[in-house]
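Letter by letter, the chains look like this.
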Amino acid sequence: ANESGLEVPAAIRERASRTRLFLAGVNLMNEGKLKSARIVFDSILARDPANASAAFYKSAIVERMSGTQTRHILDAARRSNA
C-alpha cells in the first residue's frame, strides 16, 4: 500500500496487527509455550475485550495450564505416599 501511495485506515492496520499477534499466540500454544501464549491473548483482549477467538484460546490455555499443575500435584502426592 505504501508503494502505491494508498493510505491504509488505522482500523485496518490495527486489525492486521491483532491478527499477527493472534497467530503468534496460536503458534506459541502449539509449541507448548503456554505462559507466553497466555500473555499474547491477554494483550489482544486488553485491546479488544469482545474478541471471542482470543477469549476462547485464552480459556483453553488456562485449562491446559491448570490441568498440568493438577497432574503435578497429584503425582507429587502419590510419590510421597509411596
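Look up a bit, the structure's there.
Please read all numbers here as calculations on a predicted model, not as lab measurements.

Rules of the game
Residues numbered from 1 in each chain as written. Predicted model: local features only at pLDDT ≥ 70, side-chain atom pairs only at ≥ 80, totals over all residues. Heavy atoms only, no water. Helix = DSSP H or I, 4+ residues; strand = E, 2+ residues; numbered from the N terminus. Rg over C-alpha atoms; globule rule 2.2 N^0.38 Å. Buried < 20%, exposed > 50% of the residue type's maximum accessible area, 1.4 Å probe, protein only. Expected span 1.5 Å × (residues − 1). Arc of directions from axis to C-beta. Contact = heavy atoms within 4.5 Å. Core = buried A, V, L, I, M, F, W, Y, C linked by side-chain atoms within 4.5 Å. 1 Å grid on protein atoms, 1.4 Å probe; cavity = no way out; pocket = protein on both sides within 12 Å on 5 of 7 lines; lining within 4 Å. Points joined across faces, edges and corners; volume = space filled by probe spheres on them. Nonpolar A, V, L, I, M, F, W, Y, C, P; charged D, E, K, R; others polar. Axes fitted to C-alpha atoms, helices over the stretch in contact; angles between N-to-C directions. Parallel < 35°, antiparallel > 145°, perpendicular 65-115°, else oblique. Left-handed = near helix turned anticlockwise from the far one by under 90°.

Engineer: Where do I start with the overall build of the protein in this structure?
Structural biologist: Helix and strand content of the protein: three helices and zero strands. Ordered by position from N to C terminus, the α and β elements of the protein give α-α-α. Taken against the 2.2 N^0.38 rule, which gives 12 Å for 82 residues, the C-alpha radius of gyration of the protein at 18 Å runs more than 25% over that of a compact globule. Along the longest, intermediate and shortest principal axes, the C-alpha atoms of the protein span 70 × 25 × 15 Å. Per-residue burial for the protein yields a buried fraction of 20% across its 82 residues.

Engineer: Help me out: how do you make sense of helix α1 (residues 10–30) in this one?
Structural biologist: Spanning 21 residues, α1 covers 30 Å between terminal C-alpha atoms, matching the ideal 30 Å at 1.5 Å per step. Inspection of α1 places R18, F22, G25, V26 and M29 among the buried residues, and these make up the whole buried set. Projected down its long axis, α1 shows its buried positions confined to an angular sector of 95°, all on one face. On the buried face of α1, the contacting elements are α2 (34–47) and α3 (52–81). Following α1 by one or two positions, G32 has its phi on the positive side, about 85°.

Engineer: Would you mind showing me how to read the nonpolar core here?
Structural biologist: For soluble globular proteins, nonpolar side chains are generally found buried alongside one another. F22, V26, M29, L34, A37, V40, F41, I44, L45, A54, I61 and M65 form the largest nonpolar core, which has 12 residues in total. Elements that contribute at least two residues to this core include exactly α1, α2 and α3. When residues in this core are grouped by element, the largest group, six residues, is from α2.

Engineer: Before we go on, may I ask you to explain the side chain of R18 in this structure?
Structural biologist: Relative to the assigned elements, R18 resides in helix α1. Exposure remark for R18: the relative accessible area of 19% places this residue in the buried category. With residues up to four places along the chain from it excluded, the contact list for R18 reads I44, R47 and D48.

Engineer: Help me understand the layout of surface pockets in this model?
Structural biologist: The space that makes up the largest pocket amounts to roughly 170 Å³. Lining of the largest pocket is provided by R15, R18, T19, F22, I44, D48, N51 and S53. Partitioned by chemical class, the residues of the lining of the largest pocket number two nonpolar, three polar and three charged.

Engineer: Sorry if this is basic, but what is going on with the packing of α1 against α3 here?
Structural biologist: The geometry of a pair of packed helices is captured by two quantities: the angle between their axes and the separation between those axes. Where α1 contacts α3, the axes come no closer than 11 Å and their chain directions differ by 20°. On the basis of their axis angle, the class for α1 and α3 is roughly parallel. Along this stretch, α1 crosses α3, giving a crossing that reads as left-handed. In contact with F22, V26 and M29 of α1, α3 contributes S53, A54, Y57, A60, I61 and R64. Across the contact of α1 with α3, the residue classes tally to seven nonpolar, one polar and one charged.

Everything listed here is a matter of coordinates, which is why it stays silent on function.
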